[in-house]
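In case you want the letters, here they are:
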Amino acid sequence: MSGLVEIAQGGNGLSGPCIGENGTIYVCSTGSGEVHRVTAEGDLEVISGGRDGPISLGWADGKIVGADTGGCVFSLGVDASEGMTELASSYKGSALKGPTGVCTSKEGQLYFTDGGPFGTTSLAVPRGSLYVYDPSTQTTSCLAAESLAYPTALCLNPQGSALYVCETSANRILRYIQRPRGVWHGSVFYQFSGLLGPTCIDCDSSGNIFVGRCDFKEQSPESLVSIIRPNGTDLASFSVPGAEISGLALEKTNMELFITEASLNKIFKYKLPDTLE
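Criteria and thresholds
Residues numbered from 1 in each chain as written. Predicted model: local features only at pLDDT ≥ 70, side-chain atom pairs only at ≥ 80, totals over all residues. Heavy atoms only, no water. 1 Å grid on protein atoms, 1.4 Å probe; cavity = no way out; pocket = protein on both sides within 12 Å on 5 of 7 lines; lining within 4 Å. Points joined across faces, edges and corners; volume = space filled by probe spheres on them. Helix = DSSP H or I, 4+ residues; strand = E, 2+ residues; numbered from the N terminus. Buried < 20%, exposed > 50% of the residue type's maximum accessible area, 1.4 Å probe, protein only. Pairing = 2+ DSSP bridges.

Enquirer: How would you explain the layout of surface pockets if you had to name every residue and give the values?
Expert: There is about 180 Å³ of room inside the second largest pocket. Forming the walls of the second largest pocket are Gln 109, Tyr 111, Val 132, Asp 134, Thr 139, Ser 141, Cys 142, Leu 143, Gln 178, Arg 181, Gly 182 and Trp 184. Counting residues per element, the ones that place at least two in the lining of the second largest pocket are strand 14 (128–134) and strand 15 (139–148). Per element, the largest residue contribution to the lining of the second largest pocket is 4 residues, and it comes from strand 15.

Here is the structure:
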């Protein structure tokens, strides 16, 4: 596809990219338990290892934050000497199933989903949850308790007033609005049909929503990225090689979308057109 280029390959189950300082790309290697920095030459440099299953990354205050399906949300310095800090691994005394997505607000709050390793929660067992962690108080609050069918990636709109959540096994996007403060209202924002379901999501500065939709590799040779307007109507879509799209992160200045695909272990960059209309 025009505009889509491969920039790196490697790791084991690449997923969950984030963009750090100076445009540096970081990705998870879920199968090997590593977090990588992508070099300018396209190499994957290990900055942390020994995790159970890192799957999603975000960026906050000069550090990486991440979700690990082994059971925790963590913070990670970009230099090996800074190490990793576990932020949340339980709620009200019960261990998390395994966080599956993470995003941060401008105020520093950390939103994360808890879907567990693939198959732990599903349409048959919709016991996934949605939480928010406040680093100032080191407390975790629940937005949706054990009611979601494998929730994965999530993102906030530019104003921070709407939280979008991929409910992968239900093949849909949920939207949560906070009104008044501390009271969350969730609804189905967009229902897909076809493929397995959405696994990654991000917003541009206009509020357009980019959603990566995966399938089983035995069923499809490619994934789809669907672009949806803030009012829930379709805007555009394009395909990505490999069925298991596993993460996307939008660099909003240059409007470049960085995409991970887990079956081929590749990272792609897609230069978005000047206008999406």
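Enquirer: Provide a residue-level description of the pairing of strand 17 (residues 162–167), including the pertinent values.
Expert: Counting buried positions along strand 17 yields 6 of 6 residues, so the element is predominantly enclosed. Of the two faces of strand 17, the one lined by Ala 162, Tyr 164 and Cys 166 and the one lined by Leu 163, Val 165 and Glu 167 are each fully buried. Bridge count for strand 16 (residues 151–156) against strand 17 is 4 bridges, and the pairing is antiparallel. Each bridged residue has a counterpart across the sheet, and for Leu 156 the counterpart in strand 17 is Leu 163. The turn linking strand 16 back onto strand 17 is made up of 5 residues, and Gly 160 within it adopts a positive phi angle of 75°. Direction of pairing for strand 17 relative to strand 18 (residues 172–178): antiparallel, over a ladder of 6 bridges. Directly across from Tyr 164, in strand 18, lies its bridge partner Arg 175. Taking the residues that link successive antiparallel strands as the turn, the strand 17-strand 18 hairpin has 4 residues, and the phi of Asn 171 there is positive, at about 55°.

Enquirer: Tell me about unusual backbone geometry, and name the residues and values.
Expert: The peptide bond linking Arg 179 to Pro 180 adopts the cis configuration, its omega dihedral lying at -10°. You can see Pro 180 is positioned in the loop between strand 18 and strand 19 (184–191). The phi torsion at Gln 138 lies on the positive side, around 55°, for a residue other than glycine. When its relative accessible area of 61% is taken as the criterion, Gln 138 is described as exposed. Its identity is not glycine, yet Tyr 150 carries a phi of approximately 50°, on the positive side. Mapped onto the elements, Tyr 150 comes out in the loop between strand 15 and strand 16. Tyr 150 gets classed as buried once you look at its relative accessible area, which sits at 7%.

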